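# Examining the three-dimensional arrangement
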Amino acid sequence: MPHWTALVAEKKQRQLKSIPQEWLVTPPPSSTLDVTGFPESCGLLNTREIEITNTSVDVLLNKIASAKWTAVEVTTAFSKRAIVAHQLVNCLTEIFIDRALARAAELDDHLKKTGKVVGPLHGLPISLKDQLCIKGLETTMGYVSWIGQYAEKNAVLVDVLIECGAVPFVRTNIPQTLMWPETFNSVFGRTTNPNNVSLTSGGSSGGEGALVALKGSPLGVGSDIGGSIRIPSAFCGIYGLRPSYGRVPYCGARNSLEGQDSILSVFGPMTSSIGGLKVFMKAVINSKPWLKDPLAVRKKWDEDEYDLVDHGSGKDLCFAIMWDDGVVVPHPPIKRSLEITKAALQKAGHKVVEWKPIKHRLLGDVARDIWNAASAEDYMITTSSTGEPIIATMELDGSNAVIASLRPQNGGITAYKLWQVQKLRQNIRKEYLDHWNATASETGTGRPVDAIICPAAPFAAPPHGKNRYANYTTVWNSLDYPAAIFPVTTVDSTLDGKEPPHSFYDDFDKDVYELYDPEKFKNAPVCLQLVGRTLEEEAVIKMTEIVDAALAAAK
């Protein structure tokens, strides 16, 4: 068998050949940190294509359905912009534009002949994280050992999206093993942040976050086991949703830690327009995925829930803000975004109280103990066929890297010990449920708190290798609470100066404090997270729309 580096070189060559040569551009010099303006100034996209790629998901669907724009021209526009994005931030893995254009032409033909759309996503280009198998394509998931393994059939979600009329056209980059909050692997390399390429795009859906932020895709699918949709959405400045277990089908996709079925990975939407969250979830759920995936929950899209019937019909909502998690204090830009959001909600007539986190450190530890029960063995077996190294750091220079706490520290634990951790988690879930219900005494609405608003991370996108804390997202995976990401502002060196040292929770909290320098985080987006209760996706989407509208009105 060839050395693993030869396998990588051959795969990279094939990836390069899949890019239409006439779409190659000369990227800006490496000293240009913010590359978000480049796709529109590089000269490859014409005025119409720029207009198409700047259009929200709802409007795109309307324009295609009314035949004002064809699926072919929309797919072409996003494909060109995606290829430019890839040359800027290295966000793509598999590129299959010819297939996509053939599919788009079929959809146009169908609309012309019948006057009807195929489904609710008719003609919409959709990018997919590099786990979602498509028949006839490789899904390496960043593993050299999986080069040359071609899918014999589509993942269930891919079939569902195609039935709904969507046009998959590219797949996006991930970290090796997926279990990293940044994006780097030995096959495709590192994805950078389009707002500032010296910063991480987050992970593990970092390719998706970067691509959507550059408007190279109107809607993408990420996955989230501990924050992998929400961290890149927050770091790249877009909207994202982590649904509860089983709401979106996972069957037939590739994954790490397969068979670990306590804290599950879930698929969800990542998009530059807030309407994309509802469009995706409603289309997927209305396709009855439980008939195709035995683990999909049999719960129809609930328009009453979206209209907030359980939350006073959306009038006089009560949000609880969690200023910090009792483990790591957030940086100044994050605090400022919480203050902005609080003021906007109060101005819109909603009530805001404080959320008191309970056992967040323990919830994070429990998640890591469950994953790491056998993750070291999982990674070792997966990489053994080629001998590719298991990546131990996301740092640019690995010589002085600190081992991230989220990585396995030992060979694993016994099944009995794992059961004890899972039992502890069950008990904490009940405690948290009671804790949430008890807030009814302080809201003044007669209901418990409607949603929690909190940081998605203690920092905006940090420099590469520095994202060593994912608890702000992971706790909600442990509790199985759906959570959405919404943009608030960007780091501003004038408004977000370094604060004098506070009393630190511990040395790690101090390390995070010392990481902050407003110049280092220049231009990084600042987003927050809205958290609801298990299987309450419809309400979470609606409340995120309400918060988003309040922020827009307060500007």
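Residues numbered from 1 in each chain as written. Predicted model: local features only at pLDDT ≥ 70, side-chain atom pairs only at ≥ 80, totals over all residues. Heavy atoms only, no water.

## Looking at the packing of helix α13 (residues 360-371) against helix α17 (residues 471-479)
Remark: α13 packs on α17, axes separated minimally by 9 Å, with the N-to-C direction vectors making an angle of 70 degrees. As judged from the angle between their axes, α13 and α17 are roughly perpendicular. Within the contact between the two elements, α13 uses His360, Arg361, Leu363, Gly364, Ala367, Arg368 and Trp371 and α17 uses Asn471, Thr474, Val475, Trp476, Ser478 and Leu479. By residue class, the composition of the contact of α13 with α17 is six nonpolar, five polar and two charged. (Axes fitted to C-alpha atoms, helices over the stretch in contact; angles between N-to-C directions. Helix = DSSP H or I, 4+ residues; strand = E, 2+ residues; numbered from the N terminus. Parallel < 35°, antiparallel > 145°, perpendicular 65-115°, else oblique. Contact = heavy atoms within 4.5 Å. Nonpolar A, V, L, I, M, F, W, Y, C, P; charged D, E, K, R; others polar.)

## Focus: a nonpolar patch on the surface
Together, Met380, Ile381 and Ile390 make up an exposed nonpolar region whose accessible area comes to about 290 Å². As for its placement among the helices and strands, Met380 is situated in helix α14 (residues 375-383). (Patch = residues over 30% accessible without salt bridge, like charges linked within 9 Å, V, L, I, M, F, W, Y side chains within 5 Å. Areas by Shrake-Rupley, 256 points an atom, 1.4 Å probe, with all protein chains shown as cover. Salt bridge = Lys/Arg side-chain N within 4 Å of Asp/Glu carboxyl O.)

## Details of the packing of aromatic side chains
Within the structure shown, the criterion is met by 14 aromatic pairs. Taking the centre distance of 5.0 Å and the plane angle of 65 degrees together, the rings of Tyr143 and Trp146 count as edge-to-face. Accessibility classification places Tyr143 together with Trp146 in one group, the buried group. Note on Tyr250 and Phe267: the rings are 4.0 Å apart at their centroids and 10 degrees apart in plane angle, and the pair reads as stacked. Of this pair, Tyr250 sits in the loop between β9 (239-242) and β10 (266-271) while Phe267 sits in strand β10, and the two are 17 residues apart along the sequence. Overall, the relative accessible area of 16% leaves Tyr250 in the buried class. Residue Phe267 is classed as buried on the basis of its relative accessible area of 1%. An aromatic cluster is built from Trp355, Tyr432, Trp436, Trp476 and Tyr481, whose rings are joined through pairwise contacts. The positively charged end of Arg190 is found above the aromatic ring belonging to Phe184, 4.8 Å away from the centroid. One cation-aromatic arrangement involves Lys278 over Tyr306; the distance from NZ or CZ to the ring centre is 3.7 Å. (Phe/Tyr/Trp six-rings, centres within 6.5 Å; stacked < 30°, edge-to-face > 60°. Buried < 20%, exposed > 50% of the residue type's maximum accessible area, 1.4 Å probe, protein only. Lys NZ or Arg CZ within 6 Å of the ring centre and 35° of its normal.)

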